[in-house]
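The residues making up each chain are set out below.
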Amino acid sequence: MSKESEVVKESSMLMQKEMIADNYEALTSTAESGRKVASTFVPGNLNELIMCFGMLNNLPEINAIQNGMRKKSGAMIMDAERNGHSEDVCTYVKADIGQMSKGNIAPNGKPMPAPDLLLLSYTGCFTFMKWFELLRHEHGCETVMLQVPYTGDGVITDNMRSYVIKQLKEEVIPAMERVSGVKFDIDRLRENLRRSAEAEDNLVWVLESAKNVRSPIDAYFGGVYYIGPIFTAFRGTREAIDYYRVLRGEIEQRIEQQLGPVTPEDDMEEERYRLVVEGPPNWTSFRDFWKMFYDEGAVVVASTYTKVGGVYDQGFRHDPDHPLESLAEYCLGCYTNRNLPNRVDMLVNYVNDFQADGLLVNSIKSCNSFSAGQLMMMQQVEKRSGKPAAFIETDLVDPRYFSAANVKNRLESYFQMIEQKRSRIEAA
Amino acid sequence: MAVKDIIERCTELYRDLEFNAAKRWKAAGSDRKVMGYMPVYVPEEIIHAAGMMPLGIVGGGDQMEVIHGDAYYQSYICRIPRSTIELGVTGKLDFLDGILFPSICDVIRNLSGMWKMMRPDMYVQYFDVPQNFADGIGGEYYVKELEHLRDEFSALAGRPVGDDAINRSIALYNERRRLVREIYDFRSEAPWKAPTAEVHLLMRAGLVIPVEEHIRMMQGYLAAAREEDRPVRDCCRVVINGSFCEQPPLNLIKTIEMAGCYVVDDDYMLGNRWLLEDLATDGNPLEVLADAFLHHSADTAAKYCPRKEDVGRFLLQSVKDTKAEGVIFSAPSFCDPALLERPMLADRMSEHGIPHISFKYAENSGQMQPIREQAGTFADTLKLWS
Ligand code: SF4
Ligand code: SF4
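The text that follows walks through the structure, step by step, so that each part is easy to find. (Residues numbered from 1 in each chain as written. Chains lettered and ligands numbered in written order. Predicted model: local features only at pLDDT ≥ 70, side-chain atom pairs only at ≥ 80, totals over all residues. Heavy atoms only, no water.)

Describing the interface of chain B and chain A
Where interface size is given, it is often the accessible area lost as the parts come together that is meant.
And then number 1: Of the residues lining the interface, 55 residues belong to chain B; the matching set on chain A comes to 55 residues.
And then number 2: Summing both partners gives a buried area of about 4800 Å² for chain B against chain A, and 56% of it is carried by carbon and sulfur.
And then number 3: Taken together, chain B and chain A are joined by 5 salt bridges.
And then number 4: Where B:Lys360 meets A:Glu87, a salt bridge forms, and the shortest distance between an N and an O atom there is 3.3 Å.
And then number 5: Counting every contact that joins chain B to chain A gives 32 residue pairs in polar contact (both at pLDDT 80 or more).
And then number 6: Counting residues per element, the ones that place at least two in the side of chain B that touches chain A are helix H5 (106–118), strand E4 (123–127), helix H6 (135–157) and helix H13 (336–351) of chain B.
And then number 7: When grouped by side-chain class, the residues that make up the side of chain B that touches chain A number 29 nonpolar, 11 polar and 15 charged. (Contact = heavy atoms within 4.5 Å. Buried area = accessible area lost by both parts, 1.4 Å probe. Salt bridge = Lys/Arg side-chain N within 4 Å of Asp/Glu carboxyl O. Polar contact = N/O pair within 3.5 Å; in protein donor to acceptor, adjacent residues only side chain to side chain. Helix = DSSP H or I, 4+ residues; strand = E, 2+ residues; numbered from the N terminus. Nonpolar A, V, L, I, M, F, W, Y, C, P; charged D, E, K, R; others polar.)

Digging into the environment of A:Gln374
And then number 1: You can see A:Gln374 is positioned in helix H17 (residues 374–385).
And then number 2: Residues A:Gln374 and A:Asn202 lie 172 residues apart in sequence; the distance between their C-alpha atoms is 30 Å.
And then number 3: Here A:Gln374 is in contact with A:Glu278, A:Gly279, A:Arg343, A:Val361, A:Asn362, A:Ser363 and B:Gln74, once residues within four sequence places are set aside.

Structural notes on the site of ligand 1
Residue and element names in this part refer to chain A.
And then number 1: Every residue lining ligand 1 is accounted for by Cys90, Tyr92, Cys125, Thr127, Phe128, Trp131, Ser366, Cys367 and Leu396.
And then number 2: In terms of residue count, the dominant contributor to the shell around ligand 1 is helix H7 (residues 126–139) (3 residues).
And then number 3: Class assignment of the residues belonging to the shell around ligand 1 gives a composition of 7 nonpolar, 2 polar and no charged. (Near = heavy atom within 4 Å.)

Concerning empty space enclosed by the protein
Residues and elements named next belong to chain B.
And then number 1: A full pass over the atoms with the stated rule returns 13 cavities of 30 Å³ or more.
And then number 2: Approximately 170 Å³ is the volume attributed to the largest cavity.
And then number 3: Together, 17 residues line the largest cavity, and Tyr14, Phe19, Val58, Arg204 and Val208 are the ones closest to its centre.
And then number 4: Listing elements by their share of the lining of the largest cavity, those giving two or more residues are helix H1 (3–15) and helix H8 (196–208).
And then number 5: In terms of residues, the lining of the largest cavity owes the most to one element, H8, which gives 4 residues.
And then number 6: Here the residues of the lining of the largest cavity are counted per class, giving 10 nonpolar, 5 polar and 2 charged. (1 Å grid on protein atoms, 1.4 Å probe; cavity = no way out; pocket = protein on both sides within 12 Å on 5 of 7 lines; lining within 4 Å. Points joined across faces, edges and corners; volume = space filled by probe spheres on them.)

Written out as structure tokens, the structure is:
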């Protein structure tokens, strides 16, 4: 890797690393600070609201991902299975429960405090509901649920919106006040939302930069880093604004220098394939998985996984003038809360707008919310875009379901398929 | 009619994946419509009040070879959606005028979108239900959803669906619910007189025939079964839990009893007795339906349990009411709701000293030997302990 690009790469990455480390530090020192912890989920994450009460936000999916990337999740999952959890259910849940049985140690090596509040944002995934019932079963702490109706007809209705707002007003906010001892201040929420919107503008700019042919970013493997702050404990913070400003600057520079995406080894050389990817990545072999793409010159130019914690590229922004309405709209619009025709529309638009060569589906064993229906989605996208689609199967944090040879084979055949399609077009 | 004849008729309905009974009903009137629905619960009263016949769809069971369905689903997704897709792709559901996909899990939820893409010409509705059980929050939301459904059905039927009509349907469904409860009570009191396979077939029949006919059928069964003289066997008493969506094959249901377990309660066809009590027939029917859903409905893994101490309460009550000696957790493979809930229920049973076992099945499971052995050993253990 060139010295220059290393510097470019590292400033935003270092910033993020520091933000995450600080957050884990804050989480693991609540005994001293007295701060309260709300556990919640990435989709429907109400960080701006949580911050209004001076609470810290702990996301069990993120802990599971951290454990997956550190190759610790396999043992945790097996522990949970030995304790009666089915091999058939989402491995995030089992990694989380397994982590508790191993002393609930945070990535900084310190014990994670039990949550003071389980904020069950039931958004786009049924498993969430039972996951927090299981955590409540273990911790016994206060649980408050926010049901976000599924947009089955592809639209957000007034009834859905008012239902979410009513729950926020009458259940969620009072529970937060009770647990934190802090009175709700809507102006504080407005301030947080204003900061969110500013960061969201830059995130969208970054994601859209992949429309450049010779994309400066990888919107899946790189994308998971880019969404990090906004999907987790930093939406609504000054740090997130700074992070996205720096990130945007880095990407602008990459465009200027006509550089391809950053990879763990080097800047990517030739851009041979432009792909749209549907589905979450595998975390236990994240680097190997990514390598299979950049070794072949394959860049992901748009992905749906980077929309699970909020779909911003279709125009939504948190709105300080309509604070609760905007939180409701945010939750209702998260990717897995959208109906399948809507998801297909998004994918077809991505393939067209980002001049992609096709669609790749990474089907995750754990996740019915994403996976059920993906084969039909794939057929529809293929039909409507005229571009080839392919399918691989992995899992999130269970290493038993990542077969490198299998995935590699399928990817190679897919790249060949794209080549064939290209030569047919050229010949015509 | 003798038990044998009634059960023969039910078996015929069970095996008929062409849904001829519903087709015949529809053909008898030019304005008749059939509205399909998937597990676990939809307010059938509103469908009925719109002059439509509700048709319950629980996949293709073990009689249907899934040829196309597997191309739509990965191997790690339960079987009911793939056999339901098979029913759709092979045209067996073409006679439907619409189909409802209730909120139960992400698989059925996503199937609603698949159906929209597969059949853009058909009325396809995802039906959400509240997981917040406060009248002013979840209740208010639900009443509005019911109003929406009623208005859509009015449009489909070409005439308004009024409160009086819904109230009349509620009265009819009250009658059906009373009979379903009576049959379950009868089986619990004298399980040798009402084998679970028969009760199951009887309940399944209710999915595919008009409610009026189902009421007569259940009345007939109760009268005939009470008269039957059947030998009492030395069996233990168990409750089945976790089978509220994809149904086990009939053979599996029989196997459990043959292995020495009288099933004294189950959640096989939970939709038939989702609402636990009689509903008022003189109020605002949508509010009455909402109130029943929020405060007097069955518990199942597809529902949120707001208080930790209430997890498993419904199952414990059922064990107590039916004097069961143990619980069999029997869930479809890859069933998120049932399998995620199971450890909590199992803990609750253990806390109360109620023995339990668990296994998984698919609607087309063929191998009964492991289940026979597991249920047999369980029955022996229960007998030994009691
Ligand atoms: S099922 Fe999918 S969306 Fe739900 S928790 Fe698991 S990975 Fe996340
Ligand atoms: S069997 Fe379980 S996972 Fe499958 S559709 Fe039914 S409820 Fe959903």
